[in-house]
Each structure stands twice: as C-alpha cells, then as structure tokens.
Amino acid sequence: MIQRLMTAAAMVAATLSGLALATTPAAAGAPAAVSAHAPAAKPCTTKWRAVQRVAVRRPGPYDGRVATMNSPVHHHLHRGQIVRSCIVAIGRTQSGPAYRACGKDGSEWRIVSGGQVPQTCLRRV
C-alpha cells in the first residue's frame, strides 16, 4: 500500500514538473505541439471496368470474410460498367487458386458496392 502511494506521488510530481517546464517563458516561444489526431483519409478514387458480365457475390454464412464461387449472388456487373474499389480481399486455399473466372485463375477479390468481384474480371480505368 505504501509503495502504491509513493508511486502515485512520484507520478504526480513528474506531471507537475512537466507542467512547470511547459509554462516557462522558454517554452512559450517554442512551436506548438503536433496534433495527436491522424490525418483525414483520402476518399477512394480507384476505378475499375468490368471485362465481361460478372456476378457480385456476398460471403455466405459459412464462407468467412471472403467470398467463394459458391457464395450467393447479390447482383451482376455488366460489361464495361465502372465501379469504385480500393480494398482487396485475398481468399487463398491450400489446393491452389480460389477461383477461375473470366478465363484466369486468381485469389484476389475486389470489394465493391454490394459485395466482392474476382479481380481477374476487372481492369483498372
């Protein structure tokens, strides 16, 4: 109990001495401290064009966070439709690629509005 009181007293003394140093005239001419807040995140501006008609899938109840080719279809993207996506979900399997879509194998799923799309079916605009 006494050790806790001594530790608390030492912390209070250190805090007060720090405040005393910060209010000295020398510290008054020092530049202001940098804000503790993180900078604002930039909005997503990466656009992708659908190569062909492709299903936008949402992960099913037993799929985890990444969709599979058996996940339920939310809607379809039509050929040439432009979508915005800045996040990729990687669905790796032990037996090889996670999907075969649009004529290519892959494991990256682009997260778009409404679900996830195989990245092989999208081209960057």
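Going by the structure above, here's the rest.
Residues numbered from 1 in each chain as written. Predicted model: local features only at pLDDT ≥ 70, side-chain atom pairs only at ≥ 80, totals over all residues. Heavy atoms only, no water.

### As for the overall build of the protein chain
Now for step 1: Each helix and strand in the protein chain was counted, giving 2 helices and 10 strands.
Now for step 2: The contacts of the protein chain with a sequence gap of at least 6 include a subset with a gap of at least 24, amounting to 55%.
Now for step 3: Entry remark: accessible area of the protein chain is about 9300 Å², with carbon and sulfur atoms responsible for 59%. (Helix = DSSP H or I, 4+ residues; strand = E, 2+ residues; numbered from the N terminus. Contact = heavy atoms within 4.5 Å. Areas by Shrake-Rupley, 256 points an atom, 1.4 Å probe, with all protein chains shown as cover.)

### Quick word on the state of the cysteines
Now for step 1: If you walk through the whole model with that rule in mind, you get 2 disulfides.
Now for step 2: With its sulfur 2.0 Å from that of its partner, Cys44 forms a disulfide with Cys86. Because the torsion about its S-S bond is 95 degrees, the bridge between Cys44 and Cys86 counts as right-handed. Pair noted here: Cys44 is in the loop between α2 (25-28) and β1 (47-50) and Cys86 is in the loop between β4 (82-84) and β5 (88-90), with a separation of 42 residues, a long-range link.
Now for step 3: Note on Cys44: relative accessible area 27%, which makes it partly exposed.
Now for step 4: Classification of Cys86 by relative accessible area gives partly exposed; the value is 43%.
Now for step 5: The disulfide partner of Cys102 is Cys121, and the S-S distance across this bridge is 1.9 Å. Disulfide Cys102 to Cys121: torsion about the S-S bond roughly 110 degrees, handedness right-handed. Placement of Cys102 in the loop between β6 (99-101) and β7 (104-106) and of Cys121 in the loop between β9 (115-118) and β10 (122-124) is noted, with a sequence separation of 19 residues between them.
Now for step 6: Take Cys102: its relative accessible area is 21%, and that puts it in the partly exposed class.
Now for step 7: The class of Cys121 is buried, set by a relative accessible area of 1%.
Now for step 8: With its disulfide-bonded cysteines labelled consecutively along the sequence, the protein chain is connected as 1-2, 3-4. (Disulfide = S-S within 2.5 Å. Buried < 20%, exposed > 50% of the residue type's maximum accessible area, 1.4 Å probe, protein only.)

### Considering the pairing of strand β2 (residues 54-57)
Now for step 1: Of the two faces of β2, the one carrying Val54 and Val56 and the one carrying Ala55 and Arg57 are both buried.
Now for step 2: Sheet topology places β2 next to strand β3 (residues 73-77); 4 bridges connect them, and they run antiparallel. Bridge pairing in β3 links Ala55 to His76. (Pairing = 2+ DSSP bridges.)

### What to know about the nonpolar core
Now for step 1: Of all hydrophobic cores here, the largest spans 16 residues; its most connected members are Leu77, Val83, Trp109, Val117 and Leu122.
Now for step 2: Contributing elements (two or more residues each) for this core: β1, β2, β6 and β8 (108-112). (Core = buried A, V, L, I, M, F, W, Y, C linked by side-chain atoms within 4.5 Å.)

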